[in-house]
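# Structure at a glance
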Amino acid sequence: LGVTATKKKGEFNNFKFVKGASFKDIAVELPKNQHTHLVLNIDGVLIKETPKERDQQKAIGKAFPGLSLTDFYFDVFESNERVFIAVARKELVESVLKEAQDAGIGALSFQLGFGSLQGIASLIPEDVIYAGRYELGVVDGKLASFKENSHPKRNYRVEDVQVSSEHLFATSGLLRYLSPDFSANEERNASLKKDYTEKNFFRKGLVVGVGIILACLLINTFFFFDYGKQYQNLKEQAEVASEQQKILMARTESVEKKEYVVENILNSGHSKSSFYLNRVVSQRPGSILFSDIQFQPLLKSIRPNKKVEYERDVMTFAGDSYDREEFSSWIQELEALPWVSNVTVLQYGQAQGKSNYFEIKIAVLHDTEE
């Protein structure tokens, strides 16, 4: 059994295993997922020679009369005036191919017999070549005869390479692999190549597919974190905006309440605040200047969630008086107004310069008409 295993373009691995070796032994020596070309010279591969014939089928019929080609694989190779024919039952070959497949060896093709040696016979300056189980006669650089090999292994020089007789089949298989001519078993070899190509494509495609999926997951992770940060920022902004809206609504509500309170104060008791204030101001003598005027003044400052307390039907005036007598006359005039209940002088005293600071409170009769 000879095995030719390709590593990459221009580089090859050659293996030849003696009787008793298995494909598992070969698989240990080969790289993972390595494809191979098998050269089969095992028991069950029969080789005969016959004179050259133009019709290949006729030559096979002479060598193996009554051979059913539907049950056998065969290889035919010509040399000078002779034709060498190697045959093997399909069941045997298929069992070998399955054994190789089970061991993890991908076989792209196979061939039977020693026909592959035809390609390197001219490169070996020997009349007799010992290869594996055969002793092959060479005439004018071509195989001319064969018989069972009874000699120990030898080394041959093929161009600049030393090759053991045990490795000649695998070495010659390189040429058959590089320049394939499998017309004898073309259909089966094409099937082997297709099966291996599909498995290899699926294996590499699976790796590429997994790689693409992982890359997509990685990209998706980046986008997820990026969008997650953006979402978190937008969420925080929305929460801030919501809080600001709540504060604005609370302040608006507070302002509306205060406006309502002020409106109630101004409108309470059908107030004629403008009328009262205008009358008081219009009767003011020229020696009196106002600095503060309040209608229904607050008793306490306004506090949140507390009732507004104010002095009902009361006006207060504060300012400066430059003539005591005119001030007294003005107080008397105010007391004479029909809608005034009473006038109280809260404060009257010396201020800066010639003026006197004063504060008065005027109580208005409730619901009084002009």
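Computed from a predicted structure; not experimentally measured. (Residues numbered from 1 in each chain as written. Predicted model: local features only at pLDDT ≥ 70, side-chain atom pairs only at ≥ 80, totals over all residues. Heavy atoms only, no water.)

### Some points on helix H7 (residues 324-336)
Taking 1.5 Å per residue, 13 residues should reach 18 Å; H7 reaches 19 Å between its end C-alpha atoms and fits that length. Turning to H7, its buried residues number three or more, namely Phe-327, Trp-330, Ile-331 and Leu-334. In an axial view of H7, the angular spread of the buried residues amounts to 100°, which keeps them on one side of the axis. Residues Glu-325, Gln-332 and Ala-336 are exposed on H7 and point more than 90 degrees away from its buried face. Those residues of H7 that are buried lie in contact with helix H6 (273-282), strand E13 (288-295), strand E14 (314-321), strand E15 (340-350) and strand E16 (356-364). Of the residues that open H7, the one with a side-chain oxygen 3.0 Å from the backbone nitrogen of Glu-325 is Asp-323. (Helix = DSSP H or I, 4+ residues; strand = E, 2+ residues; numbered from the N terminus. Expected span 1.5 Å × (residues − 1). Buried < 20%, exposed > 50% of the residue type's maximum accessible area, 1.4 Å probe, protein only. Arc of directions from axis to C-beta. Contact = heavy atoms within 4.5 Å. Polar contact = N/O pair within 3.5 Å; in protein donor to acceptor, adjacent residues only side chain to side chain.)

### As for the pairing of strand E5 (residues 72-79)
Burial within E5 is extensive, with 6 of its 8 residues counted as buried. For E5 and strand E6 (residues 82-89), the ladder comprises 8 bridges, and the chain directions are antiparallel. What sits directly across from Phe-77, in E6, is Phe-84. Between E5 and E6, which pair antiparallel one after the other, the connecting turn spans 2 residues, and Asn-80 there sits at a positive phi close to 55°. (Pairing = 2+ DSSP bridges.)

### Some thoughts on the sheet that holds E5
Read from one edge to the other, the open sheet built from 3 strands follows the order E4-E6-E5, with strand pairing classed as antiparallel. Lying at the two open borders of the sheet, with one neighbouring strand each, are strand E4 (46-51) and E5. Direction aside, the axes of adjacent strands within the sheet are offset by 20° on average. The strands touched by helix H2 (residues 56-63) within the sheet are E4, E5 and E6, with E5 carrying the most contacts at an inclination of about 105°. Against the sheet, helix H3 (residues 90-102) contacts E5 and E6, and its axis sits at roughly 70° relative to E6. (Axes fitted to C-alpha atoms, helices over the stretch in contact; angles between N-to-C directions.)

### Considerations on the confidence of the model for the chain
Low pLDDT means the predicted atomic positions in that stretch should not be read closely. Looking at the chain, pLDDT values average 78 and 87% of them are 70 or higher. Counted against residues more than four places away or in other chains, residues 15-20, with its pLDDT under 50, gives 15 contacts. (pLDDT = per-residue confidence, 0-100.)

### Some thoughts on H6
Here H6 has its buried residues at Ser-273, Phe-275, Tyr-276 and Val-280. Viewed along the axis of H6, the buried residues span an arc of 170°, placing them on a single side of the element. The exposed set on the far side of H6, more than 90 degrees from its buried face, consists of Ser-274, Asn-278 and Ser-282. Among the structural elements, E13, E14, H7 and E16 are those in contact with the buried residues of H6.

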